[in-house]
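# Report on the structure
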Amino acid sequence: MLVFEAKLKGSNEQYEKLDEAIRTARFIRNSCLRYWMENKGVGKYELSAYCAVLASDFPFANNLNSMARQASAERAWSAITRFYDNCKKNVAKTGFPRFKKHQTHGSVEYKTTGYKLSENRQTITFTDGFKAGSFRLWGTRDLHFYQLNQIKRVRVVRRADGYYAQFCLDIERIEKREPTGKTIGLDVGLTHFYTDSDGQTIENPRHLRKSEKALKRLGRKLSKTKKGSKNRVKRRNRLSRKHLKVSRQRKDFAVKLARCVIQSNDLVAYEDLMVRNMVKNKKLSKSITDAAWSAFRDWLEYFGKVFGVATVAVPPHYTSANCSSCGEVVKKSLSTRTHKCHHCGFVLHRDWNAARNILELGLRTVGHTGTLNASGDIDLCIGGETPQCKPSRGKRKPKE
């Protein structure tokens, strides 16, 4: 499955209609969740049937497309099933389903009805009861290459900088590449984003740290505005845009770097880090989050599926302590950045030594490959943009 994204261009009145549709979808989702909490033994089909009851009781809910109501009920059920799974796995924080509140970001999802694409695939018209009208699609992807029956779902997403349409296409993405005969081991860090087994390093971009001064300034200006005023809405939007820019920079860096690594090697080995536990360190949590190791790993595994490259996640235990030359354990603190083996006299940078150990473990356990499925790009792109397109760039008009 692929997800393409394009920005919606329309008038302010049309955007207000989209806001009503997003607000109604959130109402359906919260109502289904309330219905599940008040009635024991309610399942997925009961929630789907309850959508028809809501449509008959509330006229504004009837304006939303029937399949969009079903999609909202499916969202509620996905939160419920996630809660059940966490309970079975004895997770500390089970994540009891919560009601969605009004936020800057929001979405409404249509399946196969409720919208219509123009013949040139550059305009989309929403045909449900809200009558939002036609919007121009701004993006770098041309939907002409795909049939209408390949579009399984269309999701309208609201962000700080506008509204976007995500098209879910039933297509398997497979790209060919020439074998390079190279293997690589990656050791991620904070001083350098990663150090590979050849000794090459990639600098940590630190997108959040570089924008932290501007974010604090915008936050102070927001705190000085009066609650409920228009100036507060403007300041909040500016702060949201800045946060959105930082997240896009971080994602763009991870996508481009992961694609470059995959295309240059036939096997990529990396540490199977538990980032969720590592961010509990109060002194390093911000830096670890800013580095986005988990996102980089997800894109490594995704592009590994696309290009047919083996991606191996190895246990991180003793990768920094073991000597890559003789295999003896050399204990060292986190502040010690140089590996010095007292048994064989081997001296190397700590991260380079760890990358060599990771590659060796990867070659041993090459049968255990990445865990991301080929259709996992849907899950990655639901909450943000897809790496295959740049929705904020509009197509240039042809010169007269």
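Above: the structure in question.
Since this is a predicted model, take the numbers as computed values, not measurements.

The next subject is the sheet that holds strand β5 (residues 133-138). A sheet is described by the order of its strands in space; here 7 strands give the open sequence β2-β6-β7-β1-β5-β4-β3, paired in antiparallel fashion. Strands at the two margins of the open sheet, each flanked by one partner only, are β2 (106-110) and β3 (115-117). Averaged over all neighbouring strand pairs, the angle between strand axes comes to 30°, with direction disregarded. Inspection of the sheet shows strand β1 (residues 2-9) paired to β5 by 3 bridges, in the antiparallel sense. Counted as the bridge partner of K7 is W138 from β5. Of the strands in this sheet, β1, β2, β4 (123-126), β5, β6 (151-159) and β7 (162-169) are in contact with helix α1 (residues 12-38), which crosses β2 at around 85°. Where helix α4 (residues 66-88) meets the sheet, its contacts fall on β2 and β6, and the angle it forms with β2 comes to roughly 120°.

In total, this model carries 0 disulfides according to the counting rule given. Free of any disulfide, C341 has its nearest neighbouring cysteine sulfur in C326, separated by 3.5 Å. The class for C341 is buried, based on a relative accessible area of 6%.

Moving on to the packing of helix α5 (residues 207-223) against helix α6 (residues 230-264). Axis separation between α5 and α6 bottoms out at 9 Å; the angle between their running directions is 170°. It follows from the interaxial angle that α5 and α6 lie roughly antiparallel. Across the interface between the two elements, H207, L208, S211, A214, L215, L218, G219, K221 and L222 of α5 pack against R232, R235, R236, R238, L239, K242, H243, V246, Q249, R250 and F253 of α6. Class assignment for the residues of the contact of α5 with α6 results in 8 nonpolar, 5 polar and 7 charged.

This next bit is on α5. Its 17 residues place the ends of α5 24 Å apart at the C-alpha level, agreeing with the 24 Å of an ideal helix rising 1.5 Å per residue. For α5, the principal kink sits at K213 and spans about 40°. Every buried residue of α5 is listed here: H207, L208, S211, E212, A214, L215, L218 and L222. On its buried face, α5 sits against α6 and α8 (285-291).

Okay, a nonpolar patch on the surface next. Together, M37, F96 and F99 give the surface a local cluster of nonpolar side chains, amounting to about 270 Å² of exposed area. Note on placement: F99 falls in the loop between α4 and β2.

The next thing to look at is the packing of aromatic side chains. Under the criterion given, the structure shown has 22 aromatic pairs. Note on Y15 and F135: the rings are 6.2 Å apart at their centroids and 20° apart in plane angle, and the pair reads as stacked. Here F135 lies in strand β5 and Y15 lies in helix α1, a separation of 120 residues in the sequence. Under the relative-accessibility criterion, F135 is labelled buried at 1%. Taking 5.1 Å as the distance between ring centres and 85° as the angle between the ring planes, the aromatic pair formed by F193 and F296 counts as edge-to-face. Taken together, the positions of F193 in strand β9 (residues 192-196) and F296 in helix α9 (residues 293-307) put the pair 103 residues apart, joining distant regions of the chain. Take F193 and F296: they sit in the same class, and that class is buried. Here the aromatic residues Y15, Y110, F126, F135 and Y163 are joined through ring pairs into a cluster of three or more.

By the definition in use, this model includes 18 salt bridges. One salt bridge connects E109 with R153, and the closest N-O pair in it is separated by 2.2 Å. One end of the pair, E109, is in strand β2; the other, R153, is in strand β6, and 44 residues separate them in sequence. By relative accessible area, which is 27% here, R153 ends up partly exposed. Residue E212 pairs with R209 through a salt bridge whose shortest N-O separation is 3.7 Å.

Residues other than glycine seldom take positive phi values, yet R121 does so here, at roughly 60°. In this structure R121 comes out as buried when scored by relative accessible area, which is 16%. In this model, R206 sits at a positive phi of 55°, which is unusual for a non-glycine residue. For R206, the position within the fold is in the loop between β10 (201-203) and α5.

Reading guide: rules and limits
Residues numbered from 1 in each chain as written. Predicted model: local features only at pLDDT ≥ 70, side-chain atom pairs only at ≥ 80, totals over all residues. Heavy atoms only, no water. Pairing = 2+ DSSP bridges. Helix = DSSP H or I, 4+ residues; strand = E, 2+ residues; numbered from the N terminus. Axes fitted to C-alpha atoms, helices over the stretch in contact; angles between N-to-C directions. Contact = heavy atoms within 4.5 Å. Disulfide = S-S within 2.5 Å. Buried < 20%, exposed > 50% of the residue type's maximum accessible area, 1.4 Å probe, protein only. Parallel < 35°, antiparallel > 145°, perpendicular 65-115°, else oblique. Nonpolar A, V, L, I, M, F, W, Y, C, P; charged D, E, K, R; others polar. Expected span 1.5 Å × (residues − 1). Bend = angle between axes of the 7 residues up to and from the residue. Patch = residues over 30% accessible without salt bridge, like charges linked within 9 Å, V, L, I, M, F, W, Y side chains within 5 Å. Areas by Shrake-Rupley, 256 points an atom, 1.4 Å probe, with all protein chains shown as cover. Salt bridge = Lys/Arg side-chain N within 4 Å of Asp/Glu carboxyl O. Phe/Tyr/Trp six-rings, centres within 6.5 Å; stacked < 30°, edge-to-face > 60°.

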